[in-house]
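Architecture and fold: a report
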Amino acid sequence: MKKEELKVKARNLLDNYLQMNNHRRTPERYAILDALADMPGHFTLDELGKKLGEELRFPVSRATLYNTLNLFIKLRIVIRHHLASTTTYELCQPDGGNVHQVCTNCGKVTEVRSQDVDEAIGRLHLKRFKRDGYAVYIYGICSTCQAKITRQRRGN
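Read on for an overview of the structure.

Conventions and cut-offs
Residues numbered from 1 in each chain as written. Predicted model: local features only at pLDDT ≥ 70, side-chain atom pairs only at ≥ 80, totals over all residues. Heavy atoms only, no water. Pairing = 2+ DSSP bridges. Helix = DSSP H or I, 4+ residues; strand = E, 2+ residues; numbered from the N terminus. Axes fitted to C-alpha atoms, helices over the stretch in contact; angles between N-to-C directions. Contact = heavy atoms within 4.5 Å. Salt bridge = Lys/Arg side-chain N within 4 Å of Asp/Glu carboxyl O. Buried < 20%, exposed > 50% of the residue type's maximum accessible area, 1.4 Å probe, protein only.

1. Quick word on the sheet that holds strand β3 (residues 97–103)
Either a parallel or an antiparallel arrangement is found when strands of a sheet pair, and the pairing is made through backbone hydrogen bonds. If you trace the three strands from one edge of the open sheet to the other, you get β4-β3-β5, paired in mixed fashion. Among the strands making up the open sheet, the edge pair consists of β4 (109–112) and β5 (134–140). Looking at each pair of strands side by side, their axes are set apart by 25° on average, direction ignored. Sheet contacts for helix α5 (residues 115–123): β3 and β5; angle to β5, the most-contacted strand, approximately 130°.

2. Let's talk about the pattern of salt bridges
Under the counting rule described, the total for this entry stands at four salt bridges. Across the pair D34 and R11 runs a salt bridge whose closest N-O atoms are separated by 3.0 Å. One end of the pair, D34, is in helix α2 (residues 27–37); the other, R11, is in helix α1 (residues 3–20), and 23 residues separate them in sequence. Looking at D34, the relative accessible area reads 24%, which means it is partly exposed. A relative accessible area of 28% places R11 in the partly exposed class. Its salt-bridge partner being D46, residue R62 comes within 2.4 Å of it at the nearest N-O pair. Of this pair, R62 sits in helix α4 (residues 62–74) while D46 sits in helix α3 (residues 45–55), and the two are 16 residues apart along the sequence.

Below you can see the structure in the form of structure tokens.
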């Protein structure tokens, strides 16, 4: 699904939730939704705040960002990842899940597409549970850190 389609779907989901629960449709919620939909891959709370404040000239408080992201997590618009030494977020992809390579040395996260993992997850027989997505984390050391470690060992 393309970014624009995801954005429209997320906006409709938010509209419906706010209307059904008698919540206000604040400009902050929609500005945050638009900003995070334009973020490339994983992002931190600070990166999203910076995008809103500096690039879009729509600064919001850290509390508003945090509370809005928690609402978006509840609605499955956003997924939160607790990785290595930081927490990151990303727009949910309704067409399956995500496989992440996480470097335990530098914290770099790389997303990997894997048909094999998609198929294996699809074959899982879950009892009394409807899966709507998944995230797989593979921890190790990235090639950049491996090269640095090798150089350091040679230098000793």
